[in-house]
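Single-letter residue listing:
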Amino acid sequence: MVAVKDADFSKVDAVFCCLPHGTTQEIIASLPSSLKVVDLSADFRLRDVKEYEEWYNRPHGAVGLQKEAIYGLTELHREAVATARLVANPGCYPTSVQLPLVPLLEAKLISTEGIIIDAKSGVSGAGRSAKESNLYTEISEGMNAYGIAKHRHVPEIEQELSAASSCAVKVSFTPHLIPMSRGMQSTIYVQILQGVSVDDLHEHLSKRFQDEEFVIVLPKGVIPHTRNVRGSNYCHLNVFEDRITGRAIIISVIDNLVKGASGQAVQNMNLMMNYDESTGLLQQPMFP
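All figures in this text were calculated on a predicted structure; none of them were measured in a lab.

Asks: Help me understand the pairing of strand β2 (residues 36-39) in this model?
Replies: Along any regular strand, the residues point their side chains to alternate faces of the sheet. The pairing of strand β1 (residues 14-17) with β2 spans four bridges and is classified as parallel. Across the sheet, the residue bridging to V15 is V37, located in β2.

Here's what the structure looks like:
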């Protein structure tokens, strides 16, 4: 354990940056350009530096470096990640949302309007700092919404869905805290386009991810459960027909600490260093 200023980076090939939001930009900008970096904070996720300032209440500290950063949701940006020097690791909620929605929007199977995301996360998603709201007695035996209409993952989600659609996309996104240590579920409500069926959505996602190690489209009718991805780098998802004609319900589950954070960071670094993508990700060590 050494301070950044005392580190000998001449002996380092790669860096994982896990600092709080707002502290990463200047530090990464000061590192040798020979290093490959995966940043797990939100400091390089938003391409528009003005939007970053709006949502994080501080000016961007490395505007030039932002232009170099690659948004690293591995399955959707694999080629760009493989040749990147700096990768912005996605947020946990955006990972669970984009994996099903981006392919469907790219294929123009669902509407860009009326997307509703009802998401729930375990307590570890709030970090480990000592906060009254995170105490066991405050969280157990209940659940609550938070960041209503203003969660910082909203601009990240909308940025990537807009890029997939080639038009501006706005979503209704409400996260909830549930009394378990890890796990995340996004229940997503979408409008199917004319002439498209729920079976078409399922078939398209199945084909899109059939060769992916870590994204599993479950058989029709099988409901994803967070317990089945606990401690793993997997995302399980499925599509269901809504009782409202023309709408579908998509359920996507991940472990917020693995595919939603450190696991995806390792997956990205494996690509950047030309290792097998699943290296170090097929065992299940867990804490908490």
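Next comes the rest of the description.
Asks: When you look at the environment of N256 in this model, what are you seeing that I'm missing?
Replies: Within the secondary structure, N256 is located in the loop between β11 (247-254) and α9 (258-272). Separated by 146 residues in the primary sequence, N256 and I110 place their C-alpha atoms 26 Å from one another. Apart from residues no more than four positions distant in its own chain, N256 is found in contact with C92, S121, S124, G125, R182, G183, M184 and A261. A distance of 3.0 Å separates a polar atom in the side chain of N256 from a polar atom in the side chain of S124. Engagement of the side chain of N256 in a polar contact is seen with the backbone nitrogen of G183, the distance being 2.7 Å.

Asks: Where do I start with the sheet that holds strand β9 (residues 215-217) in this structure?
Replies: Two modes of strand pairing occur in sheets, parallel and antiparallel, and in both the strands are linked by backbone hydrogen bonds. With mixed pairing, seven strands are arranged side by side in an open sheet as β6-β7-β5-β8-β11-β10-β9. Of all strands in the sheet, those bounded by a partner on one side alone are β6 (144-145) and β9. With six bridges connecting them, strand β10 (residues 235-241) and β11 associate as antiparallel partners. When the sheet's bridge partners are listed, F240 is paired in β11 with I249. Of the strands in this sheet, β5 (115-121), β7 (171-177), β8 (184-191), β9, β10 and β11 are in contact with helix α5 (residues 92-106), which crosses β8 at around 35°.

Asks: So what exactly am I meant to see when it comes to the state of the cysteines here?
Replies: Simply put, the disulfide is a covalent bond whose two ends are the sulfur atoms of two cysteines. Across all of its chains, the model carries zero disulfides by this definition. Left without a disulfide partner, C17 is nearest to the cysteine sulfur of C18, which lies 6.8 Å away.

Asks: Can you walk me through the UniProt feature "active site" (unreviewed entry) in the protein chain in this structure?
Replies: UniProt's feature table lists "active site" (unreviewed entry) at C92, given in the numbering used throughout. Inspection of the secondary structure assignment puts C92 in helix α5. On the accessibility criterion, C92 (12% relative accessible area) is buried. For C92, the residues in contact, after removing those within four places along its chain, are H153, M184, I254, N256 and G260.

Asks: What's the story with the nonpolar core in this structure? I'm lost.
Replies: Grouped burial of nonpolar side chains is what soluble globular proteins tend to show. Core analysis: the biggest nonpolar cluster contains 44 residues, and L101 and I117 have the highest contact counts within it. Structurally, this core is a two-domain feature, drawing no fewer than three residues from each of domain 1 (4-90 + 261-272) and domain 2 (92-259). Counting residues in each nonpolar core, the second largest holds 13 residues, with C17, V37, F44 and L86 among its members.

Rules and cut-offs
Residues numbered from 1 in each chain as written. Predicted model: local features only at pLDDT ≥ 70, side-chain atom pairs only at ≥ 80, totals over all residues. Heavy atoms only, no water. Pairing = 2+ DSSP bridges. Helix = DSSP H or I, 4+ residues; strand = E, 2+ residues; numbered from the N terminus. Contact = heavy atoms within 4.5 Å. Polar contact = N/O pair within 3.5 Å; in protein donor to acceptor, adjacent residues only side chain to side chain. Axes fitted to C-alpha atoms, helices over the stretch in contact; angles between N-to-C directions. Disulfide = S-S within 2.5 Å. UniProt positions renumbered as here; feature names shortened; annotations may be inferred. Buried < 20%, exposed > 50% of the residue type's maximum accessible area, 1.4 Å probe, protein only. Core = buried A, V, L, I, M, F, W, Y, C linked by side-chain atoms within 4.5 Å. Domains from an automatic or database assignment.

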